[in-house]
Amino acid sequence: MNDSQAVEAYDIGSEIDALRTALLAHGVKLPSLGVDPLTLAARTTRPPLVALGNCNVETARRLTEVLRTAAVGEA
């Protein structure tokens, strides 16, 4: 696999966009959501990590509420 194939294989931008859209549909915005730059820059065969980033307390509460509601819905 050459370098251009490696970058293409690990393009996780669409997954991050999908996560951002799903979170926004539930009123959750993670301002720092993106690709973890350290794992993106590493020379490895593993894909980069998604950085969920920092958020304020209100956003953390909203995310907790959404996850709890989803968990009850799956029961």
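Structural data are supplied above this passage.
Residues numbered from 1 in each chain as written. Predicted model: local features only at pLDDT ≥ 70, side-chain atom pairs only at ≥ 80, totals over all residues. Heavy atoms only, no water.

Draft legend 1. Spotlight on the overall build of the chain. Looking only at helices and strands, the chain has four helices and two strands in total. Counting from the amino terminus, the chain carries its helices and strands in the arrangement α-α-β-α-β-α. Split into buried and exposed, the 75 residues of the chain put 15% on the buried side. By sequence separation, contacts in the chain at least 24 residues apart represent 45% of the contacts at least 6 residues apart. Carbon and sulfur atoms make up 57% of the accessible area of the chain, which totals about 5,900 Å². (Helix = DSSP H or I, 4+ residues; strand = E, 2+ residues; numbered from the N terminus. Buried < 20%, exposed > 50% of the residue type's maximum accessible area, 1.4 Å probe, protein only. Contact = heavy atoms within 4.5 Å. Areas by Shrake-Rupley, 256 points an atom, 1.4 Å probe, with all protein chains shown as cover.)

Draft legend 2. Here's a closer look at the pattern of salt bridges. Summed over the entire model, instances satisfying the criterion amount to three salt bridges. Here E58 makes a salt bridge to R61, at a shortest N to O gap of 3.9 Å. With E58 and R61 both in helix α4 (residues 57–74) and three residues apart, the pair spans about one turn of that helix. Linking R62 and E65 is a salt bridge whose minimum nitrogen-to-oxygen distance equals 2.7 Å. Of the two residues, R62 and E65 are both situated in helix α4; the distance of three residues between them amounts to about one turn of the helix. For R62, a relative accessible area of 27% gives the class partly exposed. (Salt bridge = Lys/Arg side-chain N within 4 Å of Asp/Glu carboxyl O.)

Draft legend 3. Representation of the side chain of T59 within the structure. Checked against the element boundaries, T59 lands in helix α4. Contact partners of T59, with chain neighbours within four places excluded, come to V28, K29 and L30.

Draft legend 4. Spotlight on the nonpolar core. I12, I16, L23, V28, L30, L33 and V66 together form the largest nonpolar core, which totals seven residues. Setting aside residues up to four positions removed in sequence, L33 forms contacts with I16, L19, R20, L23, V50, A51 and L52. (Core = buried A, V, L, I, M, F, W, Y, C linked by side-chain atoms within 4.5 Å.)

Draft legend 5. Structural context of the environment of V35. As for its position among the elements, V35 is in strand β1 (residues 34–35). Under the relative-accessibility criterion, V35 is labelled partly exposed at 30%. Separated by 23 residues in the primary sequence, V35 and I12 place their C-alpha atoms 7.6 Å from one another. Other than its neighbours up to four places away in sequence, V35 contacts I12, I16, L40, P48, L49 and A51.

Draft legend 6. Representation of helix α2 (residues 13–25) in the model. In this model α2 runs 18 Å from its N-terminal to its C-terminal C-alpha over 13 residues, within 8% of the 18 Å that 1.5 Å per residue would give. Downstream of α2 by a residue or two, G27 has a phi angle that is positive, lying close to 75°. (Expected span 1.5 Å × (residues − 1).)

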